[in-house]
Amino acid sequence: MTQESCDLMHLKYPAKAHAKKTYEFLKASKSKTNVGIFLSGESLELHPYSDQTKVFRQNRYFYYLSGCEIPGCHILYEAGIEKLTLFLPNVDKEDIMWSGPPILRKEAMERFDVDSVEYAVRIDEVLADLSKKQIPVLTLNLNKWSTPYAKRLIESESDVMYALDESRLIKDSFEISLMKKAASITDKCHLAVMSATPIESNETHIHAEFMYHALRQGSKYQLYDPICCAGPNCSTLHYVKNDDEIGQDKKSVLIDAGAEWKCYASDVTRCFPINGDWTKEHLQIYNIVLKMQQVTMEMIKPGALWDDIHLTAHRVLIKEFIRLGIFKNVNEEAIFESDITTRFFPHGLGHLLGLDTHDVGGRPNYDDTNQKLRYLRLRRELRKGMVITNEPGVYFSPFLLHDVLNDAKKMEFINETVLNMYWYVGGVRIEDDLLVTDDGYENFTKITSDPQKISQIIKDSYEGGVDRFHNLI
């Protein structure tokens, strides 16, 4: 355990600072004064016709204001007196036999960064008292647990959500420490996947290897389902079947997976050759994606517009495809304006990262008529303290290219004979997690993306490296 991780164990999640910060955004945008903000977390929910509960995932807006992962809780911030109150679920004496003793108020005060801890039975009384004092209480109707209260309070979806989104946009030092921890776990998991290549004959094995090492390091959950694919399956952006055989006919592997730590995400993609030897075409595409990432990395700094950085990646793709002969050597600007690159690089260059994998505050515009920008999840200038992903990709998808191959005008840009050499690659994506700093960025992701080093890891695994690595964790 690092010194940084050890220090975090003795600190409280800064819920009060987050609540105050959220209120400042609310006040600045709507001139709200002396209000309350009330949010309900998620609760345990049974599967129909079963006494088994669904997998619990705490609401991220609630967590941001509370730092509490306990099901069935509520939070109230009284801005006028800067008081944060956590409401624990009422004690169910019968449930103690099955689930053990619940956390008590005194323990919760010691554990969470709040001013007061009450049980849920007191919510009505506290809200009624604020009403008598003519203090409006704003809320988000986040789930069915909050609905009974939302009916009596001022629902303010746009006001409160805007304030929370803007507050969550810039990460504080505590959040950054949590994300670095998540990234460190993820690095080891990706290395484990590469090192276990000899025993991975099915995509499920890749999935299992990642999850095993995440769990062993204390990360029980991932904020998104791991994407584990081989060969042509790598052309599906969010492939989650993860159950296809990895035969000799499949040369390429792509894994997009990130461990979660204390509700904070990591999001990393790596690709590698299944036997350690890059095929000519696979390495060519890999190096194009690596160049797209390296060029755009140099542009990352406060004040840079993410739209511009994303469009630069498209221009790098055009130049490299012309060099390989996939694109005919015609006017580069004409190719750019044609939007043909969106059939090979259809998604955004990256997104915000934090309590959600695709974190809030990015201001996307999915109705944008510009095909290259429509799926870009971050549409604003970069600011110090943002955590973003940089994840260019190149894909050879029959679905995306079907109409292109049957359109003579669009095929003016493509050499089909050369294109046909790359279908088996499927797709390549390289994704790192970055913190925007004063004059650039800090890369949280340490697992190598160098193709030669990746190749060596795979080859070492065939010489007993897998057993040696398993003994290290």
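This text goes with the structure placed above it.
Report follows, based on the coordinates. This is a predicted model, so every value here is computed, not measured.

Conventions and cut-offs
- Residues numbered from 1 in each chain as written.
- Predicted model: local features only at pLDDT ≥ 70, side-chain atom pairs only at ≥ 80, totals over all residues.
- Heavy atoms only, no water.
- Helix = DSSP H or I, 4+ residues; strand = E, 2+ residues; numbered from the N terminus.
- Rg over C-alpha atoms; globule rule 2.2 N^0.38 Å.
- Buried < 20%, exposed > 50% of the residue type's maximum accessible area, 1.4 Å probe, protein only.
- Contact = heavy atoms within 4.5 Å.
- Lys, Arg positive; Asp, Glu negative; His and termini not counted.
- Charge placed at Lys NZ, Arg CZ, Asp CG, Glu CD.
- Pairing = 2+ DSSP bridges.
- Axes fitted to C-alpha atoms, helices over the stretch in contact; angles between N-to-C directions.
- Arc of directions from axis to C-beta.
- Parallel < 35°, antiparallel > 145°, perpendicular 65-115°, else oblique.
- Left-handed = near helix turned anticlockwise from the far one by under 90°.
- Nonpolar A, V, L, I, M, F, W, Y, C, P; charged D, E, K, R; others polar.
- Core = buried A, V, L, I, M, F, W, Y, C linked by side-chain atoms within 4.5 Å.
- Polar contact = N/O pair within 3.5 Å; in protein donor to acceptor, adjacent residues only side chain to side chain.
- Phe/Tyr/Trp six-rings, centres within 6.5 Å; stacked < 30°, edge-to-face > 60°.
- Lys NZ or Arg CZ within 6 Å of the ring centre and 35° of its normal.

1. Things to note about the overall build of the chain
Here is step 1 of the chain: When you go through the chain residue by residue, the secondary structure sums to 16 helices and 14 strands.
Here is step 2 of the chain: Compactness check: the chain gives a C-alpha radius of gyration of 25 Å against a globular reference of 23 Å for 473 residues, within 12% of the reference.
Here is step 3 of the chain: For the chain, the spread of C-alpha atoms along the principal axes amounts to about 75 × 50 × 45 Å.
Here is step 4 of the chain: Looking at the chain residue by residue over its 473 residues, the buried ones come to 55%.
Here is step 5 of the chain: Contacts spanning at least 24 positions in sequence make up 72% of the contacts within the chain whose residues lie at least 6 apart.
Here is step 6 of the chain: Treating the 56 positive side-chain charges of the chain as one cloud and the 69 negative ones as another, the clouds have centres 3 Å apart.

2. Focus on the sheet that holds strand 10 (residues 387–390)
Sheets are built from strands paired through backbone hydrogen bonds, the pairs being either parallel or antiparallel.
Here is step 1 of the chain: Spatially, 3 strands are ordered 10-13-14 in an open sheet, and the strand pairing comes out antiparallel. Edge positions in the open sheet fall to strand 10 and strand 14 (441–443), since each of these has one partner strand only. For this sheet, the mean angle separating the axes of adjacent strands, direction not counted, is 35 degrees.
Here is step 2 of the chain: Here strand 13 (residues 432–436) pairs with strand 14 via 3 bridges, running antiparallel. Note that in strand 14 the partner of Val436 across the bridge is Tyr441.

3. Here's the deal with helix 6 (residues 123–132)
Spacing of three or four residues puts side chains on the same side of an α-helix, whose turn is 3.6 residues.
Here is step 1 of the chain: Here helix 6 has its buried residues at Ile123, Val126, Leu127 and Leu130. The buried residues of helix 6 occupy an angular sector of 95 degrees when projected down its axis, which confines them to one face.
Here is step 2 of the chain: Trailing helix 6 by a residue or two, Gln134 shows a phi angle of about 60 degrees, which is positive.

4. Concerning the pairing of strand 1 (residues 36–40)
Here is step 1 of the chain: For strand 1, the buried fraction is high: 5 of the 5 residues fall into the buried class.
Here is step 2 of the chain: Here strand 1 shows two buried faces, one formed by Gly36, Phe38 and Ser40 and the other by Ile37 and Leu39.
Here is step 3 of the chain: Judged from the 3 bridges that link them, strand 1 and strand 5 (residues 137–139) form a sheet pairing that is parallel. Directly across from Gly36, in strand 5, lies its bridge partner Val137.
Here is step 4 of the chain: Of the pairings in the sheet, the one linking strand 1 to strand 2 (residues 74–78) comprises 5 bridges and is antiparallel in character.

5. Side note on unusual backbone geometry
Here is step 1 of the chain: The backbone of Glu82 sits at a positive phi, close to 50 degrees, despite the residue not being glycine.
Here is step 2 of the chain: As for its position among the elements, Glu82 is in the loop between strand 2 and strand 3 (83–88).
Here is step 3 of the chain: Here Arg363, not a glycine, exhibits a phi torsion of approximately 55 degrees, which is positive.
Here is step 4 of the chain: Relative to the assigned elements, Arg363 resides in the loop between helix 13 (332–338) and strand 10.
Here is step 5 of the chain: Among the residues examined, Arg363 registers a relative accessible area of 46% and is labelled partly exposed.

6. Re the packing of helix 9 (residues 173–195) against helix 10 (residues 203–216)
Here is step 1 of the chain: Contact pair helix 9 / helix 10: the axes reach a minimum separation of 8 Å and the direction vectors enclose 140 degrees. In terms of orientation, helix 9 lies oblique with respect to helix 10. For the element pair helix 9 and helix 10, the recorded crossing hand is right-handed. In this structure, helix 9 contributes Ile185, Thr186, Cys189, His190, Ala192 and Val193 to the contact, and helix 10 contributes Ile206, Glu209, Phe210, His213 and Ala214.
Here is step 2 of the chain: Per-class residue counts for the contact of helix 9 with helix 10 are 7 nonpolar, 3 polar and 1 charged.

7. Re the environment of Leu140
Here is step 1 of the chain: The topology assignment puts Leu140 in the loop between strand 5 and helix 7 (147–150).
Here is step 2 of the chain: Here Leu140 falls in the buried class, since its relative accessible area comes to 0%.
Here is step 3 of the chain: In this structure the C-alpha to C-alpha distance between Leu140 and Leu86, which are 54 residues apart in sequence, comes to 16 Å.

8. Remarks on the nonpolar core
Here is step 1 of the chain: The biggest cluster of nonpolar side chains holds 128 residues, and the ones touching the most others in it are Ile285, Phe321, Ile326, Phe327, Leu382 and Ile388.
Here is step 2 of the chain: Look past the residues within four positions of Ile285 in its chain and what remains in contact with it is Phe321, Leu324, Ile326, Val394, Phe396, Tyr422 and Val428.
Here is step 3 of the chain: In this structure, Phe38, Leu76, Ala120 and Leu127 belong to the second largest nonpolar core, which totals 12 residues.

9. Quick notes on the environment of Tyr395
Here is step 1 of the chain: Positionally, Tyr395 belongs in strand 11 (residues 393–395).
Here is step 2 of the chain: Taking C-alpha positions, Tyr395 is 28 Å from Ile185, a pair spaced 210 residues apart along the chain.
Here is step 3 of the chain: Polar contacts involving the side chain of Tyr395 include one to the side chain of Arg429, which spans 2.8 Å.

10. Quick look at the packing of aromatic side chains
Here is step 1 of the chain: Here the structure, examined in full by the defined rule, presents 10 aromatic pairs.
Here is step 2 of the chain: Seen from their ring centres, Tyr13 and Phe174 are 5.8 Å apart, and the 90 degrees between their planes marks the pair as edge-to-face. With a gap of 161 residues between them, Tyr13 in the loop between helix 1 (3–8) and helix 2 (15–30) and Phe174 in helix 9 connect regions that are remote in the sequence.
Here is step 3 of the chain: For Phe174, a relative accessible area of 12% corresponds to the buried category.
Here is step 4 of the chain: Here the aromatic rings of Phe321 and Phe344 are separated by 5.1 Å at their centres, their planes lie at 80 degrees, and the arrangement is edge-to-face. Of this pair, Phe321 sits in helix 12 (residues 306–324) while Phe344 sits in the loop between helix 13 and strand 10, and the two are 23 residues apart along the sequence.
Here is step 5 of the chain: Site record: aromatic cluster; members linked through ring pairs are Phe321, Phe327, Phe344, Phe396 and Tyr422.
Here is step 6 of the chain: Its guanidinium or amino end placed over the ring of Phe336, Arg315 lies 3.7 Å from that ring's centre, counting from NZ or CZ.
Here is step 7 of the chain: Above the face of the Phe336 ring, Lys372 is positioned so that its terminal group lies 4.2 Å from the ring centre.

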